[in-house]
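Each chain is listed here by its residues.
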Amino acid sequence: GSFCYVRDRDSGALWSNAWQPTAKPTKNYEAIFTQSRAEFRRTDDQIETYTQISVSPEDDIELRRVTLTNRSDTPRTLEITSYAEVVLATQAQDEAHPAFSNLFVQTELIRSRQAIYGTRRPRSAEERPPWMTHMMKVRGPTTGEPSYETDRMRFIGRNRTLSAPAALDGDASLSNSEGPVLDPIGSIRQTVRLQPNEAVRIDIVTGVAESRAGVDALTE
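The model shown is predicted, which means the values in this text are computed figures rather than measured ones. (Residues numbered from 1 in each chain as written. Predicted model: local features only at pLDDT ≥ 70, side-chain atom pairs only at ≥ 80, totals over all residues. Heavy atoms only, no water.)

A short note on the environment of P129
What counts here: Helical segments are the DSSP runs of H or I of at least four residues, strand segments are the runs of E of at least two, and each set is numbered from the N terminus. Relative accessible area decides the class of each residue, using a 1.4 Å probe on protein chains only: under 20% of the type maximum gives buried, over 50% gives exposed, and in between gives partly exposed. Whether two residues touch is decided by their heavy atoms; if any such pair falls within 4.5 Å, the residues are in contact.
With respect to the secondary-structure elements, P129 resides in the loop between β9 (115-120) and β10 (131-139). Its relative accessible area of 12% is what places P129 among the buried residues. The spatial distance from the C-alpha of P129 to the C-alpha of A89 is 8.6 Å, given a sequence separation of 40 residues. When near neighbours in sequence (up to four residues on either side) are disregarded, P129 contacts T119, R120, P122 and E210.

Here it is as structure tokens:
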């Protein structure tokens, strides 16, 4: 799946925008599925998280729009971290030899567009592997610069799981790695500061195209 983590920088509280992957219980949780989209609502530590997920009928992109609202009486500093594993192959190929298949994936950070590109190194001159883009756009003020991770092992950590990965520990930061990695992911982190009753919208977009020029156009 494609996940999104939210962490309170001050208290250290961690949750996800939907039930997975943290599986953290909350008193207020709602999931709505319609023909056009999926919606998730939850409240954690007086922070409302509302997520809308839809697939474009025109382009090969999926949009996850996350709205965070501070319902407490104090300013809150929140980290938003996306996570998606990069495959860029058919399901049969991935299931047959996942570790071998991942060795051919390479990633690239496009900082000017706050995006991560991914593709496969072709095995022959005739092969035309697809390209993907994973990007995060915050509609509002942010704190500091975005950070990135494309190495799954660094993100999760030794003997850890996606419910509490090493990348979400305390002051842990993303490594800004890129290039060929053993187990590729796309992860972007941005930090926002919300005043009482203030809201911010984060768009997490994942798209695929047949060429680099195609993902450039999608990202624009």
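A look at a nonpolar patch on the surface
Stated precisely, the cut-off is as follows: Patch criteria: residues need more than 30% relative accessible area and no salt bridge. Like-charged residues are merged within 9 Å; nonpolar side chains of Val, Leu, Ile, Met, Phe, Trp and Tyr are merged within 5 Å. Only the protein chains shown count as cover for residues, and the accessible areas themselves come from Shrake-Rupley with a 1.4 Å probe. In what follows, salt bridge is the name for a side-chain nitrogen of Lys or Arg lying within 4 Å of a carboxyl oxygen of Asp or Glu.
Among the surface-exposed residues, F100, L103 and L182 lie close enough to one another that they form a single nonpolar patch of about 310 Å² accessible area. Judged by relative accessible area, which is 38%, L103 ranks as partly exposed.

Brief notes about the side chain of H134
Spelled out, the test is: Within 3.5 Å is the distance limit for a polar contact, defined as a pair of N or O atoms, with the added protein rule that one can donate a hydrogen and the other accept it, and that residues adjacent in sequence qualify only through two side-chain atoms.
Looking at where H134 falls in the secondary structure, it is placed in strand β10. There is a polar contact of 2.8 Å between the side chain of H134 and the side chain of S82. Here the side chain of H134 touches T206 through a polar contact of 3.0 Å, side chain to side chain. Contact partners of H134, with chain neighbours within four places excluded, come to S82, A84, Q114, A115, I116, G186, S187, I188, I204, V205 and T206.

Side note on empty space enclosed by the protein
Stated precisely, the cut-off is as follows: Any residue with an atom within 4 Å of a point lines the site, the site being either a cavity, points on a 1 Å grid over the protein atoms alone where a 1.4 Å probe fits but cannot get out, or a pocket, an open set with protein on both sides within 12 Å along at least 5 of 7 lines. Grid points are joined across faces, edges and corners, and a volume is the space filled by probe spheres set on the points. The residue classification treats Ala, Val, Leu, Ile, Met, Phe, Trp, Tyr, Cys and Pro as nonpolar and Asp, Glu, Lys and Arg as charged. All others, Gly included, are polar.
Per the stated rule, a full pass over the model turns up one cavity of 30 Å³ or more. Put simply, the largest cavity is a space of about 40 Å³. Element by element, the count of residues in the lining of the largest cavity is highest for strand β1 (residues 2-8), at three residues. Here the lining of the largest cavity is composed, by residue class, of three nonpolar, three polar and one charged.

Comments concerning the sheet that holds strand β3 (residues 29-33)
Short version of the rule: Paired strands, in this sense, are two strands between which DSSP finds at least two bridges. Here an axis means a line fitted to C-alpha atoms, over the contact stretch when the element is a helix, while the angle between two N-to-C directions is reported on a 0 to 180 degree scale.
Spatially, nine strands are ordered β3-β4-β5-β6-β14-β10-β9-β8-β12 in an open sheet, and the strand pairing comes out antiparallel. If you trace the sheet from one side to the other, it starts and ends with β3 and β12 (179-180), each paired once. Across five bridges, the pairing between β9 and β10 is antiparallel. Following the sheet pairing, T119 is matched in β10 by W131. Of the strands in this sheet, β6 (61-70), β8 (105-110), β9, β10 and β14 (199-209) touch helix α4 (residues 212-219), which is tilted by about 15° from β10.

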